[in-house]
Amino acid sequence: MRQKPWVGLLMSSGPMIVMIVFIGLPIVLAVAYSLGDVLGLNRAIAAVAQHQVIVKHGLTLKVYRDLWANAGIRADIGATLWVTVVAVAVVLVIAYAVSLYLRFNHNRLAKVLSAIYLIPLFIPVVIASYALVTFWNAGGFVDALMAHLGSQGFPGLSYTLTGVVIAQVWVNLPFAILMLSSGLTAVPDSLIEASRDVGSTFLRSIVRIVLPLNILPTVIVLTFTGIGILGSFTIPYLMGPTAPQMLGVATTTYYQAFNEPQQAQALAVLTFVLAAGIGVIYVWANVQANRREGIS
Amino acid sequence: MMRRKAMVWGAGILIAGGALGVGPILPVMAASQPVTTITLYDSGDVNIENMWQNYMIPLFEKEHPTIKVHLIYSTSGASNTDIYDRIAAAEAAHKNSGIDIIGSSIAPEAAEAHLLEPVSPKVIPNVTKVSPSFLKAVNDEAVPYRGSSVVLAYNSEFVKSPPKTLMGLLHWIKTHPGKFTYNTPSSGGSGAGFVQEVVNYYVPKKDEPIFETEYKPALESTWKKGLSVLKSLTPYIYRDGFYPNGNVAVLQLLANSSIWMAPVWSDMSTSYKKEHLLPPSIKLTQLTPPMNGGPAYVGIVKNSPHLKQDNIFVNWLLTPAAQTIVVNEVDGYPGVEYKYAPPKAKQVFGSIAGDSSPYWDAQFSTDLNAKWQATVAG
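Residues numbered from 1 in each chain as written. Chains lettered and ligands numbered in written order. Predicted model: local features only at pLDDT ≥ 70, side-chain atom pairs only at ≥ 80, totals over all residues. Heavy atoms only, no water.

1. Looking at the overall build of chain A
And step 1. Scanning chain A for helices and strands turns up 14 helices and zero strands.
And step 2. Seen through its C-alpha atoms, chain A measures out along the principal axes to roughly 75 × 75 × 30 Å.
And step 3. Within chain A, the proportion of its 296 residues that are buried is 40%.
And step 4. Expressed as a percentage of contacts within chain A between residues at least 6 apart in sequence, the contacts between residues at least 24 apart total 71%.
And step 5. A total accessible area of about 16200 Å² is found for chain A, and carbon and sulfur atoms account for 72% of it. (Helix = DSSP H or I, 4+ residues; strand = E, 2+ residues; numbered from the N terminus. Buried < 20%, exposed > 50% of the residue type's maximum accessible area, 1.4 Å probe, protein only. Contact = heavy atoms within 4.5 Å. Areas by Shrake-Rupley, 256 points an atom, 1.4 Å probe, with all protein chains shown as cover.)

2. With respect to the domain arrangement of chain B
All names here are of chain B.
And step 1. Domain boundaries in chain B define domain 1 (33-147 + 294-347) and domain 2 (148-293 + 358-377).
And step 2. One C-alpha centre belongs to domain 1, the other to domain 2; they are set 27 Å apart.
And step 3. With 14 residues of domain 1 at the contact, the number on the domain 2 side is 15 residues.
And step 4. For the pair domain 1 and domain 2, the two sides together bury roughly 1100 Å², of which 36% comes from carbon and sulfur.
And step 5. For the domain 1 face of the interface with domain 2, the top three residues by lost area are Asp-45, Gly-294 and Asp-331, together amounting to 42%.
And step 6. Our enumeration of links across domain 1 and domain 2 arrives at two salt bridges.
And step 7. The shortest N-O distance in the salt bridge between Asp-267 and Arg-146 comes to 3.9 Å.
And step 8. At the boundary of domain 1 and domain 2, one finds eight residue pairs in polar contact (both at pLDDT 80 or more).
And step 9. Those elements giving two or more residues to the side of domain 1 that touches domain 2 turn out to be helix 5 (106-112), strand 4 (143-155), strand 7 (293-300) and helix 15 (320-329). (Domains from an automatic or database assignment. Buried area = accessible area lost by both parts, 1.4 Å probe. Salt bridge = Lys/Arg side-chain N within 4 Å of Asp/Glu carboxyl O. Polar contact = N/O pair within 3.5 Å; in protein donor to acceptor, adjacent residues only side chain to side chain.)

3. Quick word on helix 15 of chain B
And step 1. Three or more residues of helix 15 of chain B are buried, namely Ala-322, Gln-323, Ile-325, Val-326 and Val-327 of chain B.
And step 2. Just beyond helix 15 of chain B, the residue with positive phi is Asp-331 of chain B, at close to 55°.

4. Examining the packing of helix 4 (residues 71-104) of chain A against helix 10 (residues 202-213) of chain A
Two measures define how a pair of helices packs: the angle their axes make with one another and the distance between the axes.
All names here are of chain A.
And step 1. As a packed pair, helix 4 and helix 10 sit with axes 14 Å apart at the nearest point and diverge in direction by 105°. By the angle between their directions, the pair helix 4 and helix 10 is classed as roughly perpendicular. Only Phe-202, Ile-206, Val-210 and Leu-211 of helix 10 make contact with helix 4, whose side of the interface consists of Tyr-96, Leu-100 and Phe-104.
And step 2. Residues of the contact of helix 4 with helix 10, tallied by class, amount to seven nonpolar, no polar and no charged. (Axes fitted to C-alpha atoms, helices over the stretch in contact; angles between N-to-C directions. Parallel < 35°, antiparallel > 145°, perpendicular 65-115°, else oblique. Nonpolar A, V, L, I, M, F, W, Y, C, P; charged D, E, K, R; others polar.)

5. Re the packing of aromatic side chains
Residue and element names in this part refer to chain B.
And step 1. Counted by the stated rule, this structure contains 27 aromatic pairs over all chains.
And step 2. Between the aromatic rings of Phe-180 and Tyr-182, the centroid separation amounts to 6.3 Å while the plane-to-plane angle is 55°, which identifies the pairing as tilted. Neither residue differs from the other here; Phe-180 and Tyr-182 are each classed as buried.
And step 3. Plain terms: the ring middles of Phe-211 and Trp-223 are 5.8 Å apart, the flat faces sit at 45° to each other, and that makes the pair tilted. You can see Phe-211 sitting in helix 9 (residues 208-213) and its partner Trp-223 sitting in the loop between helix 9 and helix 10 (224-233), a full twelve residues away along the chain. Across the pair, Trp-223 and Phe-211 agree in class, each one buried.
And step 4. An aromatic cluster of at least three residues, connected via ring pairs, comprises Trp-52, Phe-60, Tyr-145, Phe-313 and Trp-316. (Phe/Tyr/Trp six-rings, centres within 6.5 Å; stacked < 30°, edge-to-face > 60°.)

6. Concerning the nonpolar core
And step 1. Counting residues in each nonpolar core, the largest one holds 52 residues, and the members touching the most others are Phe-180, Tyr-182, Phe-194, Val-199, Trp-223, Leu-230 and Leu-254 of chain B.
And step 2. Leaving out residues up to four positions away in the same chain, Val-199 of chain B has contacts with Trp-223, Gly-226, Leu-227, Leu-230, Trp-360 and Leu-368 of chain B. (Core = buried A, V, L, I, M, F, W, Y, C linked by side-chain atoms within 4.5 Å.)

7. A look at the side chain of Ser-187 of chain B
And step 1. With respect to the secondary-structure elements, Ser-187 of chain B resides in the loop between helix 7 (166-175) and helix 8 (189-201).
And step 2. Residues in contact with Ser-187 of chain B, not counting those within four places in the same chain, are Tyr-237 of chain A together with Pro-244, Asn-245, Gly-246 and Asn-247 of chain B.

8. What about the domain arrangement of chain A?
All names here are of chain A.
And step 1. Under the domain assignment, chain A is made up of domain 1 (1-63) and domain 2 (70-292).
And step 2. With 15 residues of domain 1 in contact, the opposing surface of domain 2 contributes eleven residues.
And step 3. Interface area for domain 1 against domain 2, summed over the two sides, is near 1000 Å², with a carbon-plus-sulfur share of 59%.
And step 4. Area buried by domain 1 at its contact with domain 2 is led by Tyr-33, Gln-50 and Val-63, which between them contribute 38% of it.
And step 5. Elements supplying a minimum of two residues to the side of domain 1 that touches domain 2: helix 1 (5-34) and helix 2 (43-48).
And step 6. It is helix 1 that contributes the most residues to the side of domain 1 that touches domain 2, six residues altogether.
And step 7. Classifying every residue of the side of domain 1 that touches domain 2 gives ten nonpolar, five polar and no charged.

9. What to know about the pattern of salt bridges
And step 1. The tally for this structure, following the rule as stated, stands at seven salt bridges over all chains.
And step 2. Put simply, Asp-189 of chain A and Arg-103 of chain A hold a salt bridge, and the shortest N to O gap is 2.8 Å. Placement of the pair is Asp-189 of chain A in helix 9 (residues 189-197) and Arg-103 of chain A in helix 4, with a sequence separation of 86 residues.
And step 3. The exposure class assigned to Asp-189 of chain A is partly exposed, which follows from its relative accessible area of 42%.
And step 4. The shortest N-O distance in the salt bridge between Lys-205 of chain B and Glu-208 of chain B comes to 3.0 Å.

10. Let's talk about the interface of chain B and chain A
And step 1. Facing the 29 residues of chain B at the interface are 26 residues of chain A.
And step 2. Taken together, the connections running from chain B to chain A amount to 14 residue pairs in polar contact (both at pLDDT 80 or more).
And step 3. Of all elements in the fold, only helix 1 (2-22), helix 4 (80-92), helix 11 (238-241) and helix 17 (362-377) of chain B reach the threshold of two or more residues within the side of chain B that touches chain A.
And step 4. The dominant element in the side of chain B that touches chain A, judged by the number of residues it contributes, is helix 17 of chain B, at eight residues.
And step 5. Among the residues making up the side of chain B that touches chain A, the classes are represented as 13 nonpolar, eleven polar and five charged.

Written out as structure tokens, the structure is:
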């Protein structure tokens, strides 16, 4: 078949142009603005913003330095990382437990479970967050349940970072289980049976055979969930405490309530850098997987 | 090969569809029909959205069949910054932003920056019915059409003698731990009103008017005392210092008796009482010095292509018909002076009407939001 390079170019140019105009250019502008450049397309936003750092020539890191000097922002960054790490870890543990159960059991419970775990996928995050706030709040369902069991004074987990973690886990579980169980299904029974034949325990065959073959889905869950939680807004806005805030909420607050778009964009750039850090893990895992399969 | 061909065609159809789809919409709107559509932007809670959509606009359109009003409404002011940027950018380019009339907190801000058309009795005759001081505050570029103020709500079932002064309130908060809160100042005006009240109390009297009319960031050092007083309240606030997001969240806490006292908007809380969303035991009172309040403005954006219709609409908002909607449906203070207002207005609001401190300048307010988040919430 004769190659026509222009066909491919034409086909990819549409999405490419969209990417450049609506994603690439705004990123470049935002980064430039956060570094003190208020000319060109940044002029309109700079005309109404408060507390800007403006440089006539060159660029400056002053916006970032000032943000870092703010103890509240440092607490926000800490809270964001804590929620992300803890929530991802909990998601991974629960998702693996459920997926392994579904992989090796075909009883009625497994059938019910495989239908139930998908439910959060079909409930909008806003609705779910409100429900979880009421459910976990003082005076809510959990509180009432504990009072019935004789334990008074449940403080309520709504409006705490723990509450944010609970909500994040709830929302992110379906995707994680979906991903992991499809990965586990791809592990051939014959391999597991072979390892059991030579006398390895069930746990040992899981750790030595199943998990290593399921690395790529695990990394996908890890990175996609991580990036999603890192940049989340709705859950921490509704479920989280007044302070510290997660970066998504802090960014919006700086932009809307403080009228400081430059600082908001600097926070957005920071979130982007953190997400890119997670992205690197994903790319690395893909490269490894491809290399193993002989595609390079 | 087949698949690739199909994909090329698919992409082509998509691109062509996109190009065609956008095109024809614009000329249709500009077609020479007798009906003119004007675009109104406003923000706030759902009570105001309801006022526009179910009362004001239908009645206006019925009385003026050649004018249609297109409402763009942003709950809790989430789009205020975007819309303001858009208007400012359009004005800088001497173009129209697509928005003819703006309400919300950006209206006075835009008036201050001379982004709005001057209002004079010549084009808006009813403007003579509003208090001249309200017009002066916005360079005669916007019209006050309704008002409200932040008042203190308390549950009379638990609170027999509510505090009358700010000092009395602060003392009450400390002697009743967990029974008071206010929403974060950045998420709603009632919380902002309380924060401003406390901060203002410790500001030198000579500086007070500056916060209302000018913007001098150096003066913000005088906020320190007030902010530290607010910080000292944290352990006595509901759930050891939880500040909910939004005016409504506070009303809900009042309704289920989680808290017994809170700053609330006069109009929202009156409506809530009427609709039984707040129990009858919730009463309203005002402090000395009073918490802030004042008019809500609408203004006509410069370069609007429909000036004639805009003027008709803004003028209509000050007619008895529209002012009755303000008083009856959203329990707002009338925008016109009381002698022109529906007689019911005075008796509904009784002791809380007309007694309020002026709002601060928008830029000072946003700075106060930021300082509160950094010192009180953190």
